[in-house]
Amino acid sequence: MEQTLVILKPSCVERGLIGEVINRIQRKGIIITGMKMMQLDEKILREHYAHLVDRPFFPELCASMMASPVVCLVLKGINVVEVFRAMTGATNGRKAAPGTLRGDFCMSGQANIVHASDSPENAKVEIARFFKPEEVLDYTPRDLSFLYADD
Ligand code: GDP
Ligand code: MG
C-alpha cells in the first residue's frame, strides 16, 4: 500500500472542519497511520513550498499557513495519493468540483482547507519532513475484506 502526507490547514482548523475532513477520510476507507498537531514556521514552509518561494503570493501563503496550528496526517491505502488528490479537488476552491473537500468547504485559492502530496515520490519526502519515523505507525485494520475486495 501507498502512503500520502495530508495537512489540515489553518483554514480547516480555525473553521472547525477537522472532524468533517477526518470523517470523509474514514468513510472512504482510507487508513490513518499518523496524526499530530503542529505549529508550522517559515523554515519548514520554505522547504514544503519550495516550488512557490519566488511567487509574489509566497509571504501571504506563509502567513496563512502559520495563522494557527495545523493537523498533519499520514494516510495509507491502495493508490491513496491519487485517490486523496481527487477527494481534495482543484487548488482554487471556487473552481474545485462540488463533492471535493475544496469544492464543498472553501471559496479561496489560498486558504483551501487541505494540503495533499501530489505523487508517491513527493509523499515519501513530505512524510519524512513532517513526521519522525516512530510517529508513523505500522497499522492496518484487521478486516480489509470489505474495503479492498477486488485487489
Ligand atoms: P495544491 O497542490 O493544489 O495545493 O497547489 P500548489 O502546489 O500549486 O500550491 C500550493 C498552495 O499554495 C495551494 O494549495 C494554495 O494554498 C497556495 N497557492 C497556489 N497558487 C496560489 C495563488 O495563485 N495565489 C495564492 N494566494 N495562493 C496560491
Ligand atoms: Mg502542490
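Residues numbered from 1 in each chain as written. Chains lettered and ligands numbered in written order. Predicted model: local features only at pLDDT ≥ 70, side-chain atom pairs only at ≥ 80, totals over all residues.

Per an unreviewed UniProt entry, the chain is named Nucleoside-diphosphate kinase, and its organism is Lepagella muris.

Draft legend 1. Spotlight on unusual backbone geometry. One non-glycine residue with positive phi stands out, namely N79, at about 55 degrees. Using a count of 13 C-beta atoms within 10 Å as the deciding quantity, one classes N79 as partly exposed. Even without a glycine there, the phi angle at I113 is positive, about 75 degrees. Structurally, I113 can be placed in the loop between helix 6 (101-105) and strand 4 (114-116). (Buried ≥ 20, exposed ≤ 12 C-beta atoms within 10 Å, placed from the backbone. Helix = DSSP H or I, 4+ residues; strand = E, 2+ residues; numbered from the N terminus.)

Draft legend 2. Summary view of the site of ligand 1. With respect to spatial proximity, the complete set of residues near ligand 1 consists of L52, F57, E60, L61, T91, G109, Q110, N112, H115 and D118. Residue classes in the shell around ligand 1 are distributed as three nonpolar, five polar and two charged. (Near = placed C-beta within 6 Å. Nonpolar A, V, L, I, M, F, W, Y, C, P; charged D, E, K, R; others polar.)

Draft legend 3. Focus on the pairing of strand 1 (residues 2-8). Counting buried positions along strand 1 yields six of seven residues, so the element is predominantly enclosed. Here seven bridges tie strand 1 to strand 3 (residues 70-77), and the two strands are oriented antiparallel to one another. When the sheet's bridge partners are listed, I7 is paired in strand 3 with C72. (Pairing = 2+ DSSP bridges.)

Draft legend 4. Structural context of the sheet that holds strand 2 (residues 31-38). A sheet is described by the order of its strands in space; here four strands give the open sequence 2-3-1-4, paired in antiparallel fashion. Whereas interior strands pair on both sides, the edge strands pair on one side only; in this sheet they are strand 2 and strand 4. Averaged over all neighbouring strand pairs, the angle between strand axes comes to 20 degrees, with direction disregarded. Packing of helix 5 (residues 80-88) onto the sheet brings it into contact with strand 1, strand 3 and strand 4, and relative to strand 1 it is tilted by some 30 degrees. (Axes fitted to C-alpha atoms, helices over the stretch in contact; angles between N-to-C directions. Contact = placed C-beta atoms within 7 Å.)

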